[in-house]
Amino acid sequence: MRFLIAMNIFLSFTALLGNSIILVALKESSLHPASRLLFICLSCTDLLVGVLLEPFNVVHLFLSMQGNQELCSRMLVPSYIIGVILFGVSISTLTAISVDRLLALLLKLRYRQVVTLKRTCAVIAFIWLLNVFAATMYFWVHFIFLWYGYILIIACFITSTSSYTKIYLTLRLHQRQQERFSHEQPLRRTGIPLNVARFRKTVSTALWVQLTLVACYLPYGIVTALMTSHGLSPSIILAGRFASTLVYLNSTLNPLLYSWKIRDVRETVEAKLQQLMTSSTASGILMFHAGLNVFLSITAALGNLLIIVALPRVSSVHPPTKLLYRCLAITDLLVGLILNPLHTIPIVAYLTEVNWKLVLYARTIAFVFSFVLCGVSIFVSTAISVDRLLALLLGFRYRHLVTLWRVRAVVVVFFSLGVSFSGTDALP
């Protein structure tokens, strides 16, 4: 169990770091904007797996190791819903990439007029909305939720297989025609083979990503089928946990495939890494600072999420006091989820030389959130000390005076003061 926890923490970090680098590299690649947007969408889903799903899985494994089955069951539902959404978006985007490659082969010069960036944005938005809507059916109409999953997998499999088969047959026919007319019309050999070679590379990239997804998800599907047919047993549960880790491995492998198969991405990644390796000491310190912020962000999110989940199980603490500790843990969780990433953006922007407007926005938002969360943390810490003093001085009257609704009112006042003071200070 400890091995799985350590493995998932490592995969969460690598998925976050790898897909962040790929997103920067894809922005500078020479791919067609519509195709590039599809790969960016796929990389964003892998990034969300590292940021959301894998921390959930780490918390679930930790609670399972502690024997807390009730909280384990509570953690399964949000993790399952997020996983279903991201899996649906990933497989739908991969299918869209296969259709995009087929259209690029069949339409030729008309491809850029038909497959535009605006239409691709609409397709991606439809994919996200459809999968989010289908995931919400888990709570309302479970029958629709199950059948949507079956139909989506079958439809995407048939569409992708048909697209790649058509691409293979068309390229094979094109190659035969080139060999047949190579001696009669030698001028036709200039320019076309290079385009075909580049097209084959993009098709190969998409196919490799799709096959990797199937290889990583297939064991999980087999284990799920065994759970349905044979029920739960210790061996099947353990196999399911290893299969889940293999699913999360897919989000780490995809950036490696992009760097390997897409030449522009590989050259950009190599240039960025070489720039960082040959940079001055100041840049090395900034790189270490960014990595440390990412590590602290993950640990703060995981640690405080565990505390928030575990606090309801503690029966020896008075509920108002428990609420104050929960409020303090929530502020620390927000630091890990919001502040640490916002403080990392200016460092990454300096190292990658991106638009500095993004840095200014990030610094402004980070300042506001820092003011709010720092103020709330100080207020809540002070309230905890006063609460402990009242528990000592009031004795039996403590539980009558320090009630849950009064502490809730105090917490609301703390957040209101923090927001109002930060808004006043942010004004010019």
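It should be emphasised that the depicted structure is a prediction, and the values quoted were computed from it without experimental measurement.

Novice: Any chance you could explain the overall build of the protein here in plain terms?
Specialist: Of the regular secondary structure elements, the protein holds 14 helices and zero strands. Listing the helices and strands of the protein from first to last along the sequence gives α-α-α-α-α-α-α-α-α-α-α-α-α-α. Residues classed as buried in the protein amount to 41% of the 428 residues present. A fraction of 79% describes how many contacts in the protein between residues 6 or more apart in sequence connect residues 24 or more apart. Here the protein has roughly 24400 Å² of accessible surface; of this, 72% comes from carbon and sulfur atoms.

Novice: Help me understand the packing of aromatic side chains, please; the structure alone is not making it clear to me.
Specialist: Applying the stated rule across the entire model yields seven aromatic pairs. When the ring of W147 is compared with that of Y150, the centres are 5.8 Å apart and the planes differ by 90°; the resulting orientation is edge-to-face. Remark: Y150 and W147 occur in helix α6 (residues 142-180); sequence separation between them is three residues, near one turn of the helix. The partly exposed category is assigned to Y150, whose relative accessible area is 47%. Joined through ring pairs, the aromatic side chains of Y80, Y138, F139 and F145 make up one cluster.

Novice: Looking at this structure, I do not really get the pattern of salt bridges. What am I missing?
Specialist: Within this structure, the stated rule accounts for two salt bridges. In this structure, the salt-bridge partner of D100 is R101, at a minimum N-O distance of 2.9 Å. R101 shares its class with D100; the two are buried. In this structure, the salt-bridge partner of D387 is R388, at a minimum N-O distance of 2.8 Å.

Novice: What is the right way to look at the nonpolar core in this model?
Specialist: The tendency in soluble globular proteins is for nonpolar side chains to be buried side by side. Ranked by size, the top nonpolar core spans 37 residues in total, and within it I167, Y258 and V265 carry the most contacts. Of all elements in the fold, only α1 (2-27), α2 (33-66), α3 (69-107), α5 (117-140), α6, α7 (192-230), α8 (234-261) and α9 (263-277) reach the threshold of two or more residues within this core. With 10 residues, α3 is the single largest residue contributor to this core. If we skip the residues at most four places from it in the chain, Y258 touches I22, F39, L42, S43, D46, T205, V209 and V265. Counting residues in each nonpolar core, the second largest holds 16 residues, with F56, L61, L63 and I298 among its members.

Novice: When you look at the environment of L52 in this model, what are you seeing that I'm missing?
Specialist: Mapped onto the fold, L52 is located in helix α2. Separated by 30 residues in sequence, L52 and I82 have C-alpha atoms that sit 8.0 Å apart.

Novice: Help me understand α8, please; the structure alone is not making it clear to me.
Specialist: Along an α-helix, residues three or four apart share an orientation, since each turn contains 3.6 residues. For α8, spanning 28 residues, the distance from its first C-alpha to its last is 40 Å, which sits close to the expected 40 Å at 1.5 Å a residue. The largest bend along α8 reaches roughly 30° and is located at T252, with the proline P255 sitting one to four residues downstream.

Novice: How should I be thinking about the side chain of S12 in this particular structure?
Specialist: Mapping S12 onto the fold places it in helix α1. Residue contacts for S12: discarding those within four places in its chain leaves G50, E54, P55 and I298.

Novice: Help me out: how do you make sense of the packing of α1 against α8 in this one?
Specialist: At their nearest, the axes of α1 and α8 sit 9 Å apart, and the two run at 25° to each other. As the angle between them shows, α1 and α8 are arranged roughly parallel. The interaxial crossing formed by α1 with α8 has left-handed handedness. Here F3, L4, M7, N8, L11, T14, A15, G18, N19 and I22 of α1 lie close against α8, whose contacting residues are R241, F242, T245, Y248, L249, S251, T252, P255, Y258 and S259.

Novice: Help me understand a nonpolar patch on the surface, please; the structure alone is not making it clear to me.
Specialist: The grouping of F139, W140, V141, F143, I144, L146, W147, Y150, I151, I154, F157 and I158 at the surface amounts to a nonpolar patch, some 1400 Å² of accessible area in total. Where the nonpolar patch is concerned, the elements lending two or more residues are α5 and α6. With nine residues, the single largest contributor to the nonpolar patch is α6.

Novice: Explain the side chain of T212 to me, please; I cannot follow it from the model alone.
Specialist: Here T212 shows up in helix α7. Filtering out sequence-adjacent residues up to four positions away, T212 remains in contact with N250, L253 and L257.

Novice: Sorry, what's going on with the confidence of the model for the protein here?
Specialist: In low-pLDDT regions, the fine details of the predicted coordinates are not to be read closely. Mean pLDDT for the protein: 79, with 85% of residues reaching 70 or above. Averaged pLDDT values for the elements of the protein fall to 68 in α9 and rise to 90 in α5. For residues 424-428, every residue scores under 50 in pLDDT, and the model assigns this stretch two contacts once sequence neighbours within four places are set aside.

Novice: Please clarify how the environment of L76 should be interpreted in this entry.
Specialist: Relative to the assigned elements, L76 resides in helix α3. Take L76: its relative accessible area is 45%, and that puts it in the partly exposed class. Sequence separation of L76 and N57 is 19 residues, and the distance between their C-alpha atoms is 8.6 Å.

Novice: Would you mind showing me how to read the environment of Q210 here?
Specialist: Structurally, Q210 can be placed in helix α7. A C-alpha to C-alpha distance of 8.7 Å links Q210 and T95, two positions 115 residues apart in sequence. Setting aside residues up to four positions removed in sequence, Q210 forms contacts with L94, S160 and Y164.

What counts and what doesn't
Residues numbered from 1 in each chain as written. Predicted model: local features only at pLDDT ≥ 70, side-chain atom pairs only at ≥ 80, totals over all residues. Heavy atoms only, no water. Helix = DSSP H or I, 4+ residues; strand = E, 2+ residues; numbered from the N terminus. Buried < 20%, exposed > 50% of the residue type's maximum accessible area, 1.4 Å probe, protein only. Contact = heavy atoms within 4.5 Å. Areas by Shrake-Rupley, 256 points an atom, 1.4 Å probe, with all protein chains shown as cover. Phe/Tyr/Trp six-rings, centres within 6.5 Å; stacked < 30°, edge-to-face > 60°. Salt bridge = Lys/Arg side-chain N within 4 Å of Asp/Glu carboxyl O. Core = buried A, V, L, I, M, F, W, Y, C linked by side-chain atoms within 4.5 Å. Expected span 1.5 Å × (residues − 1). Bend = angle between axes of the 7 residues up to and from the residue. Axes fitted to C-alpha atoms, helices over the stretch in contact; angles between N-to-C directions. Parallel < 35°, antiparallel > 145°, perpendicular 65-115°, else oblique. Left-handed = near helix turned anticlockwise from the far one by under 90°. Patch = residues over 30% accessible without salt bridge, like charges linked within 9 Å, V, L, I, M, F, W, Y side chains within 5 Å. pLDDT = per-residue confidence, 0-100.

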